[in-house]
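# Residue-level structural notes
Single-letter residue listing:
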Amino acid sequence: FDLDRTLLRRSSALALAGAFRRRGVIGRVQLAKAAAWQLLFAARGAGAETVRMAAEDGLLILRGFRQAEMHELVAEALEPVLRPLLYREALELARRHRERGEPVYIVSAALQEIVDVLAADLRFDGALGTTCEVQDGVYTGRPLRSCHGEAKAHAVRELATLENLDLADSTAYSD
């Protein structure tokens, strides 16, 4: 399952923007830019290259932020922010997949730590997200793996190979 606008009603980054602001990760100007970008994306959509560049630019704001703080931030935002945005229909579909013994993953351009926390909370089998380099527990802002567009499809194929999963019958994955 994708995260933004598939499991969640909006962008996870925009949903978490208030928490990022309170932790001092972003300022008011960055918050306003993120909101404007989200409105533009919702109204007109965006090409793969535009989304990839925006995701990589977003990683730059994490420079100096501790990875452990990201986990805390997302965990604290689960109940008040993220859970109310979950689509019931998507969760029901995930439940049916699990009942049939099929693995259920979140695969998203969102940051790996965000999708990890959500996947654990939702009792999914795992998650694939965009990864940012971490040195000594601190984000550098340098992207290591994008998980958007063709890179997302590649990550899913790689996971299927590692986990010996059969993707032929998958009805949930779509780019």
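Reading the values: rules and limits
- Residues numbered from 1 in each chain as written.
- Predicted model: local features only at pLDDT ≥ 70, side-chain atom pairs only at ≥ 80, totals over all residues.
- Heavy atoms only, no water.
- Salt bridge = Lys/Arg side-chain N within 4 Å of Asp/Glu carboxyl O.
- Helix = DSSP H or I, 4+ residues; strand = E, 2+ residues; numbered from the N terminus.
- Buried < 20%, exposed > 50% of the residue type's maximum accessible area, 1.4 Å probe, protein only.
- pLDDT = per-residue confidence, 0-100.
- Pairing = 2+ DSSP bridges.
- Right-handed = clockwise from strand over helix to strand, strands pointing away.
- Core = buried A, V, L, I, M, F, W, Y, C linked by side-chain atoms within 4.5 Å.
- Contact = heavy atoms within 4.5 Å.
- Axes fitted to C-alpha atoms, helices over the stretch in contact; angles between N-to-C directions.
- Parallel < 35°, antiparallel > 145°, perpendicular 65-115°, else oblique.
- Left-handed = near helix turned anticlockwise from the far one by under 90°.
- Nonpolar A, V, L, I, M, F, W, Y, C, P; charged D, E, K, R; others polar.

Turning our attention to the pattern of salt bridges. Scanning the model with the defined rule gives 12 salt bridges in all. In this structure, E76 and R23 form a salt bridge, with 2.9 Å as the shortest nitrogen-oxygen distance. Taken together, the residues span a long stretch of sequence, with E76 in helix α5 (residues 67-82) and R23 in the loop between α2 (17-22) and α3 (28-44) at a distance of 53 residues. The exposed category is assigned to E76, whose relative accessible area is 54%. Note that E92 is salt-bridged to R95, the shortest N-O span being 2.1 Å. One end of the pair, E92, and the other, R95, are both in helix α6 (residues 88-99), 3 residues apart, so they sit about a helical turn from each other. Its relative accessible area of 30% is what places E92 among the partly exposed residues. Through salt bridges that share partners, R23, E69, E72 and E76 make up one connected network.

Quick look at the confidence of the model for the chain now. Here the chain averages 85 in pLDDT, and 82% of its residues register 70 or above. Taken element by element, the chain is modelled with least confidence in α3, mean pLDDT 68, and with most confidence in α6, mean pLDDT 97.

Below, the discussion takes up the pairing of strand β1 (residues 105-111). Side-chain positions along a regular strand alternate between the two faces of the sheet. Extensive coverage of β1 is indicated by the burial of 6 of its 7 residues. Inspection of the sheet shows β1 paired to strand β2 (residues 126-135) by 4 bridges, in the parallel sense. Bridging across to β2, Y105 finds its partner in G126. A crossover connection joins β1 to the parallel β2 through helix α7 (residues 112-121); in handedness this β-α-β unit is right-handed.

In terms of nonpolar packing, the biggest core is built from 38 residues, with L3, M70, I106 and F124 touching the most fellow members. Secondary-structure elements contributing two or more residues to this core are α2, α5, α6, β1, α7 and β2. Top contributing element to this core by residue count: α5, with 6 residues. Beyond its immediate stretch of four places on either side in the chain, M70 contacts F20, L62, F65, L111, E113, I114 and Y139. Among the nonpolar cores identified, the runner-up in size contains 7 residues, and Y105, C147, A155 and V156 belong to it.

The next thing to look at is the packing of α5 against α7. With their axes 9 Å apart at the nearest point, α5 and α7 run at an angle of 50° to one another. Between α5 and α7, the angle falls in the class oblique. In the packing of α5 onto α7, the handedness of the crossing is right-handed. In this structure, α5 contributes Q67, M70, H71, V74, A75, L78 and L82 to the contact, and α7 contributes E113, I114, V117, L118 and D121. Taken together, the residues of the contact of α5 with α7 sort by class into 8 nonpolar, 2 polar and 2 charged.

What follows concerns the environment of P143. In this fold, P143 is placed in strand β3 (residues 138-145). With a relative accessible area of 29%, P143 lands in the partly exposed category. C-alpha of P143 to C-alpha of T131: the two residues are 12 residues apart in sequence and 6.1 Å apart in space.

With that settled, consider α7. Of all 10 residues in α7, 7 are buried, a share of seventy percent or more. Within the sequence span of α7, burial applies to Q112, E113, I114, V115, V117, L118 and A119. Structurally, α7 contributes buried residues whose contacts are with α1 (12-15), α5, β1, β2 and β3.

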